[in-house]
Amino acid sequence: VEILLNNVIADKLDFTVLKGELVTFEHGISYTNDDYGFTISIPDNWTFKENPSDNAMMIELIPEKYIITRFAFIAAASNPLKPYDKFAEEDAAGFAEENNWTQVSSRSRDYSLANGDPVKQIMYLHQDGQGNQYATAYTFIEHGDNVYILYAAADKESAGEVAEAAYFGILQSLTLR
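For clarity, every value in this text was computed on a predicted model and none was experimentally measured. (Residues numbered from 1 in each chain as written. Predicted model: local features only at pLDDT ≥ 70, side-chain atom pairs only at ≥ 80, totals over all residues. Heavy atoms only, no water.)

Q: If you had to explain unusual backbone geometry to someone new, which residues and values would you point to?
A: Residues other than glycine seldom take positive phi values, yet Asn 45 does so here, at roughly 65°. For Asn 45, a relative accessible area of 44% puts it in the partly exposed group. Phi at Asn 100 takes a positive value of approximately 60°, unusual for a residue other than glycine. Its location among the elements puts Asn 100 in the loop between helix 1 (84-98) and strand 8 (102-112). Overall, Asn 100 belongs to the exposed group, its relative accessible area being 64%. (Buried < 20%, exposed > 50% of the residue type's maximum accessible area, 1.4 Å probe, protein only. Helix = DSSP H or I, 4+ residues; strand = E, 2+ residues; numbered from the N terminus.)

Q: Give a description of the sheet that holds strand 4 (residues 38-41) that names residues and reports values.
A: Pairing is antiparallel across the open sheet formed by three strands, whose spatial order is 3-4-12. The outermost strands of the open sheet, each flanked by one partner alone, are strand 3 (30-33) and strand 12 (175-176). Both strand 4 and strand 12 contribute to a ladder of two bridges, which runs antiparallel. The residue of strand 12 that forms the bridge with Thr 39 is Thr 175. Across the face of the sheet, helix 2 (residues 156-173) comes into contact with strand 4 and strand 12 while running at roughly 145° to strand 4. (Pairing = 2+ DSSP bridges. Contact = heavy atoms within 4.5 Å. Axes fitted to C-alpha atoms, helices over the stretch in contact; angles between N-to-C directions.)

Q: Which residues make up the nonpolar core, and what values do they have?
A: In this structure, Phe 38, Ile 40, Phe 71, Phe 73 and Tyr 148 are the most contacted members of the largest nonpolar core, which totals 29 residues. Counting only elements with at least two residues in this core, the list comes to strand 4, strand 6 (56-62), strand 7 (70-77), strand 10 (133-143), strand 11 (146-155) and helix 2. Residue contributions to this core peak at seven residues, all from helix 2. With residues near it in sequence (within four places) discarded, Phe 73 still touches Phe 38, Ile 40, Met 57, Met 58, Ile 59, Tyr 148, Ile 149, Leu 150 and Leu 174. Leu 81, Tyr 84, Ile 122 and Tyr 124 belong to the second largest nonpolar core, which has 19 residues in total. (Core = buried A, V, L, I, M, F, W, Y, C linked by side-chain atoms within 4.5 Å.)

Q: Would you mind going over helix 2 in detail, with residue names and values included?
A: Helix length check: helix 2 (18 residues) gives 24 Å between terminal C-alpha atoms against 26 Å at 1.5 Å per residue, within 8%. All of the buried residues along helix 2 are Ala 159, Val 162, Ala 163, Ala 166, Tyr 167, Gly 169, Ile 170, Leu 171 and Ser 173. Where helix 2 begins, the side chain of Asp 155 points an oxygen toward the backbone nitrogen of Glu 157, at a separation of 2.9 Å. (Expected span 1.5 Å × (residues − 1). Polar contact = N/O pair within 3.5 Å; in protein donor to acceptor, adjacent residues only side chain to side chain.)

Q: Please set out the environment of Ala 96 residue by residue, giving values where relevant.
A: Along the polypeptide, Ala 96 turns up in helix 1. The buried category is assigned to Ala 96, whose relative accessible area is 5%. A C-alpha to C-alpha distance of 9.5 Å links Ala 96 and Thr 136, two positions 40 residues apart in sequence. Not counting residues up to four positions away in its chain, the partners in contact with Ala 96 are Trp 101 and His 126.

Q: I'd love a proper account of the pairing of strand 8, names of residues and values included.
A: On a regular strand, each side chain points to the face opposite its neighbour's, so the side chains alternate between the two faces of the sheet. When strand 8 meets strand 9 (residues 118-127), the two strands line up antiparallel, connected through ten bridges. Paired with Ser 106 across the strands is Tyr 124, a residue of strand 9. Between the antiparallel neighbours strand 8 and strand 9 lie five residues, among them Gly 116 with a positive phi of about 95°.

Q: For helix 1, give the residues involved together with the corresponding values.
A: Given a rise of 1.5 Å per residue, 15 residues ought to cover 21 Å, and the 21 Å separating the end C-alpha atoms of helix 1 matches this to within 8%. When helix 1 is considered as a whole, its buried residues turn out to be Tyr 84, Ala 88, Ala 92, Phe 95 and Ala 96. One face of helix 1 carries all of its buried residues, which in axial projection span an arc of 100°. Turned more than 90 degrees away from the buried face of helix 1, the exposed residues are Glu 89, Glu 97 and Glu 98. In this structure, the buried residues of helix 1 make contact with strand 7, strand 9, strand 10 and strand 11. A positive backbone phi angle near 60° is found at Asn 100, which sits one or two residues after helix 1. (Arc of directions from axis to C-beta.)

This is how it looks when you write it as structure tokens:
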């Protein structure tokens, strides 16, 4: 790199760009909630904020370096949120409206965790007026009388890979009791 001062080379520096992991879970930071019976891992260098209500607990996850529009883990009684596809559609539409986004596409899949708990994953792709794309994802996991929701919304270009790495890392760390 050449450092210019008044269009004259003042100094030259050599450097190497190292690509690290997008998101790591090496520090062993976790969040446990005994009322809803779950534990999740928190990505290294991220913080979290609890947002409890009468019938739910939301943990907002906040990355240190990257701009992610929204990232949260929610535990609640399952009945008020069913059907999950309708809940996700209404929530995604409201979030898109707040940000002046247009929905481009959506997809969903159903599967089960190794312990047999049913999972519904719904993803949306939105676009703003300048053509920037944003992905939102909802994963609903039923266990007992509760539903656990992992939610992320990110700018696909600047934070998509980070959001995906964090999303799947948190989902893989989920322990339910």
